[in-house]
Amino acid sequence: MESEALLWSQPDWTGHLDVYKEDARVWERRFFLLQGSFLFSFKNELDRSSPLGVIALEGCQVEEVPGDASRKHKLVVKLGPEYAAFGNHDQYFLSTSSSESLRSAIRRLEDASDPPEVLFRYLNKTWARAGELRHLLAKSPNDKTELESIKSLEAQSVKVTDGIG
């Protein structure tokens, strides 16, 4: 139990989504936990002892799909080629309760789909630019424009590092 609590103690995101079960042709409500580039599904949020499934998000495509009368806010996760061959599915249909939660889910899943080297390159460029701006600011500490640029870059860096496991 202690190891389970540690394993799931700092997820990047948690929430409820409905997942379409193609074999049964039904939607099932599941609790999902995003950890790095893996999306784990559980029967509910109280039982995190063993995931029902996992979706490898690295290299995947996440797209909004048209809703219908029963499900208005849907998305599809199309697995990257390196993972599509290993599972039973090459894509997963998910549904959210609102357009706001749909946008949030798409953004989170897209962020998790970026290969780590892309994120690290972006992070290194951002930190390098922040260092340059910090150096310039040291020469002229009264320049508020440069100070605001540094704050903006550092805020972006924090958002990027939040998504890195």
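Being a predicted model, the structure only gives us computed values, none of them experimental. (Residues numbered from 1 in each chain as written. Predicted model: local features only at pLDDT ≥ 70, side-chain atom pairs only at ≥ 80, totals over all residues. Heavy atoms only, no water.)

Before going further, it helps to spend a moment on the nonpolar core. Side chains that are nonpolar tend, in soluble globular proteins, to be buried together. Counting residues in each nonpolar core, the largest one holds 20 residues, and the members touching the most others are Leu39, Leu57, Leu75, Val77, Leu94 and Leu109. Every element with two or more residues in this core is listed here: β1 (13-21), β2 (26-35), β6 (73-78), β7 (91-96) and α3 (99-113). Ranked by the residues each element gives to this core, the list is headed by α3, at five residues. Those residues in contact with leucine 57, other than ones at most four positions away along the chain, are Leu34, Ser37, Leu39, Val77, Leu109, Ala112 and Ser113. (Core = buried A, V, L, I, M, F, W, Y, C linked by side-chain atoms within 4.5 Å. Buried < 20%, exposed > 50% of the residue type's maximum accessible area, 1.4 Å probe, protein only. Helix = DSSP H or I, 4+ residues; strand = E, 2+ residues; numbered from the N terminus. Contact = heavy atoms within 4.5 Å.)

The phi angle at arginine 25 is positive, at roughly 55 degrees, despite the residue not being glycine. If you trace the backbone, arginine 25 turns up in the loop between β1 and β2. According to the relative accessible area criterion, arginine 25 is exposed, its value standing at 67%.

Our next topic: the sheet that holds β6. Strand order in the open sheet formed by seven strands is β4-β3-β2-β1-β7-β6-β5, and the pairing between neighbours is antiparallel. At either end of the open sheet lies a strand with only one pairing partner, and these are β4 (53-56) and β5 (61-65). Here the average twist between neighbouring strands, direction ignored, is 35 degrees. The sheet contact formed by β2 and strand β3 (residues 38-42) spans five bridges and is antiparallel. Each residue of the ladder has a partner; that of phenylalanine 32, found in β3, is serine 41. (Pairing = 2+ DSSP bridges. Axes fitted to C-alpha atoms, helices over the stretch in contact; angles between N-to-C directions.)

Next up on the list: α3. Between its terminal C-alpha atoms α3 stretches 21 Å, which fits the 21 Å expected from 15 residues at 1.5 Å a residue. Turning to α3, its buried residues number three or more, namely Leu102, Ala105, Ile106, Leu109, Ala112 and Ser113. Angular distribution of buried residues about the axis of α3 spans 135 degrees; they occupy a single face of the element. Opposite its buried face, α3 presents the exposed residues Glu100 and Arg103, each directed more than 90 degrees away. Of the surrounding elements, those touching the buried residues of α3 are β2, β3, β5, β6 and β7. (Expected span 1.5 Å × (residues − 1). Arc of directions from axis to C-beta.)

Now for the pattern of salt bridges. For the structure shown, the criterion picks out five salt bridges. Close ionic contact of aspartate 18 with arginine 29 constitutes a salt bridge, the shortest N to O distance being 3.3 Å. Residue aspartate 18 is located in strand β1, and its partner arginine 29 is located in strand β2; the two are separated by eleven residues in the primary sequence. Among the residues examined, arginine 29 registers a relative accessible area of 44% and is labelled partly exposed. (Salt bridge = Lys/Arg side-chain N within 4 Å of Asp/Glu carboxyl O.)

This paragraph deals with the pairing of β7. In the sheet, β1 pairs with β7 via two bridges, with the strands oriented antiparallel. What sits directly across from valine 19, in β7, is leucine 94. Of the pairings in the sheet, the one linking β6 to β7 comprises six bridges and is antiparallel in character. When the bridges of β7 are listed, leucine 75 appears paired with leucine 94.

We now examine the side chain of lysine 74. Along the chain, lysine 74 turns up in strand β6. Side-chain polar atoms of lysine 74 contact the side chain of aspartate 68, separated by 3.2 Å. Not counting residues within four places of it along the chain, the set of residues in contact with lysine 74 comprises Trp27, Glu63, Glu64, Val65, Pro66, Gly67, Asp68, Leu94, Ser95 and Leu102. (Polar contact = N/O pair within 3.5 Å; in protein donor to acceptor, adjacent residues only side chain to side chain.)

Our focus in this paragraph is the packing of aromatic side chains. Using the criterion set out here, one finds three aromatic pairs in the structure. Consider the rings of tyrosine 20 and tryptophan 27, whose centres lie 5.2 Å apart with planes at 55 degrees: the pair is tilted. Judged by its relative accessible area of 25%, tyrosine 20 is partly exposed. Taking the relative accessible area as the measure of exposure, tryptophan 27 reaches 23% and is therefore partly exposed. (Phe/Tyr/Trp six-rings, centres within 6.5 Å; stacked < 30°, edge-to-face > 60°.)

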